[in-house]
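Coordinate inspection notes
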Amino acid sequence: MKNHSADVAIVGAGILGLAHAYAAARAGKRVVVFDRSPQAAGASVRNFGMVWPIGQPSGELLQLALRSRAIWLELLDATQLPYRDTGSLHLTYRNDEAAVAQEFAAIAPGLGYNCCWHSPAQVFEKSEAVQPRGLLGALWSDTELTVDPRQILAALPAFLAERYGVQFHFSTAVRAINAPYLETAACRWHAGHFIVCSGEDFETLYPTHFAQSGLTRCKLQMLRTAPQPAGWQLGPSLAANCKCFAPLRSLQAGNSAHPSLLASPCAFTQPSTYAPPCLRSGRALPKRLRNSTAGPSTRSSPRLPMELSPSATPTSTASPSTSSTSLKSTT
Ligand SMILES: Cc1cc2nc3c(=O)[nH]c(=O)nc-3n(C[C@H](O)[C@H](O)[C@H](O)COP(=O)(O)OP(=O)(O)OC[C@H]3O[C@@H](n4cnc5c(N)ncnc54)[C@H](O)[C@@H]3O)c2cc1C
């Protein structure tokens with residue numbers, strides 16, 4: 001078995017592995033990254049591509065998310081990879097939702113968020129995709145970005161290799177780490193630091209810990225639309241409810257001012273349908289999905305407007321959305 005050495009050895013070339021490789025290489029370390037697939041194929045290429053500071057609670061996590069956004073912009077600038085400076089709209093269709101969003105808008109600047117309340121007219125200036133019927137207004141935030149995850153994950157390894165000399169070994173499973181050694185089928189690597197970014201596969205390297213952890217896998221399903229005519233884009237990312245609302249007085253436990261929002265992590269409680277209720281009907285959804293009847297998964301969780309029935313495209317096998325679909329149910 002051949003022996004090699006690096007300062008930092010990273011397992012996984014998903015976004016976490018690449019982010020650590022970027023930081024370590026910029027700090028002057030010799031970095032090697034292993035991924036068992038020929039190219040990243042995990043959650044990092046199956047997501048909405050939303051850089052989403054508004055989703056974080058104020059304080060340390062919000063500051064971390066804003067710092068992460070700044071690093072994204074730095075990297076996107078260096079690689080010249082495209083992104084969309086979309087911002088986001090948290091739409092409200094009910095009085096309790098609007099009250100919460102307006103209360104948040106009033107205190108948000110003091111907490112470090114760059115957001116404000118928008119009237120329906122202001123919302124329509126920003127987005128032509130929003131369902132106008134019953135709209136009371138929205139929380140507008142200008143910090144959210146949208147990237148194409150597949151494009152980013154495909155391009156970053158080459159950039160890191162060229163610019164910083166990071167070594168990549170794809171189609172190479174790491175089968176054990178016994179510091180200071182890491183083992184693949186063909187090689188043994190000596191490294192000063194090991195960073196394990198193996199995503200949902202925790203048990204390959206740490207079967208005992210995994211068995212004792214009580215962790216179970218779950219899925220976050222998403223919808224991929226057909227390409228839209230004339231390159232139509234969604235515009236600002238559209239969402240409902242948000243963890244950043246948690247500290248609001250009107251949502252504290254015991255306060256029943258907004259019981260429906262306390263009961264559900266998602267503000268939309270419309271009947272089961274594939275079309276997110278916040279979207280203008282028929283917009284951005286392929287006919288195949290618009291006309292489908294609700295499947296069991298949708299029926300059992302009617303509060304999640306983006307959830308699909310098993311007959312639709314599940315996240316586990318679908319390619320992710322690309323340019324026009326930044327829709328998510330923020331649970
Ligand atoms: C539907 C969905 C939507 C999402 N939307 C967003 C969003 O809009 N914004 C956002 O910020 N986050 C989003 N996320 C979360 C985000 O995608 C994940 O947090 C992130 O991609 C995790 O990256 P990772 O590098 O840890 O894991 P992964 O991308 O899963 O990468 C892990 C890699 O490790 C490799 N690996 C595992 N074991 C080994 C081994 N033993 N040897 C070698 N290689 C190994 C795998 O092959 C894989 O490539 C979303 C997630 C989902 C599921």
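Before reading further, recall that the structure is shown in the block above.
Here's what I pulled together on the structure shown here.

Below, the discussion takes up the environment of Ala154. Position of Ala154 among the secondary structure elements: in helix H5 (residues 149-164). Taking the C-alpha atoms as reference points, Ala154 and Gly14, 140 residues apart in sequence, are found 10.0 Å from one another.

Attention now moves to the sheet that holds strand E5 (residues 88-92). Read across the open sheet, the 4 strands follow the order E6-E7-E5-E13; overall the sheet is mixed. A single partner strand is all that each edge strand has here, and the edge strands are strand E6 (115-118) and strand E13 (237-239). Here the strands of the sheet are splayed against their neighbours by 25° on average, with no regard to which way each runs. Where E5 lies against strand E7 (residues 137-141), 5 bridges are found, and the strand directions are antiparallel. In the strand pairing of E7, Thr92 is matched with Gly137. Of the strands in this sheet, E5, E6 and E7 touch helix H3 (residues 95-111), which is tilted by about 140° from E6.

Glancing now at H3. At 3.6 residues per turn, the α-helix brings residues three or four places apart onto the same side. Between the first and last C-alpha of H3 there are 24 Å, a value that for 17 residues agrees with the 24 Å anticipated at 1.5 Å per step. The largest bend in H3 amounts to roughly 35° and is located at Ala105, with the proline Pro109 lying one to four residues further along. Along H3, the residues classified as buried are Glu97, Val100, Ala101, Phe104, Ala105 and Ala108. Two residues or fewer past H3, Gly112 is found with a positive phi of approximately 105°.

This paragraph deals with the sheet that holds strand E11 (residues 181-184). Taken in spatial order, the 6 strands line up as E9-E2-E1-E12-E11-E10 in an open sheet, and their pairing is mixed. Both outer strands of the open sheet, strand E9 (167-169) and strand E10 (174-178), are each paired with one neighbouring strand and no more. Neighbouring strand axes in the sheet, compared pairwise and without regard to direction, differ in orientation by 40° on average. When E11 meets strand E12 (residues 187-196), the two strands line up antiparallel, connected through 3 bridges. Directly across from Leu182, in E12, lies its bridge partner Trp189.

With that out of the way, let us pick up the pairing of E7. Across a regular strand the side chains alternate sides, sitting on one face of the sheet and then on the other. Extensive coverage of E7 is indicated by the burial of 5 of its 5 residues. The side-chain alternation of E7 yields two buried faces, one formed by Gly137, Leu139 and Ser141 and the other by Ala138 and Trp140. Here E6 pairs with E7 via 4 bridges, running antiparallel. Counterpart to Trp117 in the pairing with E7 is Leu139.

With that settled, the discussion passes to helix H2 (residues 60-79). With 20 residues, H2 extends 28 Å between its outermost C-alpha atoms, agreeing within 8% with the 28 Å of an ideal straight helix rising 1.5 Å per residue. Gln80 occupies a position one or two residues after H2 and carries a positive phi of about 60°.

On to the site of the ligand. Near the ligand you find 34 residues, and of these Gly12, Gly14, Gly42, Asn47 and Gly199 are the closest. Top contributing element to the shell around the ligand by residue count: helix H1 (residues 15-26), with 3 residues. The residues that make up the shell around the ligand include at least three from each of domain 1 (2-45 + 150-213) and domain 2 (50-147 + 218-300).

Turning to its location among the elements, Arg224 is positioned in the loop between helix H6 (207-213) and E13. A count of 18 C-beta atoms within 10 Å places Arg224 in the partly exposed class. With 176 residues separating them in the primary sequence, Arg224 and Phe48 have C-alpha atoms 9.6 Å apart.

Further remarks concern the pairing of strand E1 (residues 2-11). Relative to E12, E1 runs parallel, the two sharing 9 bridges. From the neighbouring strand, Val11 faces E12, where its bridge partner is Val196. Bridge count for E1 against strand E2 (residues 31-34) is 4 bridges, and the pairing is parallel. Residue pairing in the sheet places Val8 in a bridge with Val31 of E2. For the segment spanning E1, H1 and E2, crossover handedness is right-handed.

Before going further, it helps to spend a moment on unusual backbone geometry. For the peptide bond that leads from Ala179 to Pro180, omega is 10°, which places it in the cis range. Residue position: Pro180 is located in the loop between E10 and E11. Positive phi outside glycine occurs at Gln80, with the angle close to 60°. Its location among the elements puts Gln80 in the loop between H2 and strand E4 (83-84).

At their nearest, the axes of H1 and H5 sit 11 Å apart, and the two run at 15° to each other. Judged on the interaxial angle alone, H5 and H1 are roughly parallel. As H1 runs across H5, the sense of the crossing is left-handed. Taken together, the residues of H5 that come into contact with H1 (itself represented by Ile15, Leu18, Ala21, Tyr22, Ala25 and Arg26) are Leu153, Leu156, Leu160 and Tyr164.

Scoring rules and cut-offs
- Residues numbered from 1 in each chain as written.
- Predicted model: local features only at pLDDT ≥ 70, side-chain atom pairs only at ≥ 80, totals over all residues.
- Helix = DSSP H or I, 4+ residues; strand = E, 2+ residues; numbered from the N terminus.
- Pairing = 2+ DSSP bridges.
- Axes fitted to C-alpha atoms, helices over the stretch in contact; angles between N-to-C directions.
- Contact = placed C-beta atoms within 7 Å.
- Expected span 1.5 Å × (residues − 1).
- Bend = angle between axes of the 7 residues up to and from the residue.
- Buried ≥ 20, exposed ≤ 12 C-beta atoms within 10 Å, placed from the backbone.
- Near = placed C-beta within 6 Å.
- Domains from an automatic or database assignment.
- Right-handed = clockwise from strand over helix to strand, strands pointing away.
- Parallel < 35°, antiparallel > 145°, perpendicular 65-115°, else oblique.
- Left-handed = near helix turned anticlockwise from the far one by under 90°.

Purely geometric numbers; function is a separate question.
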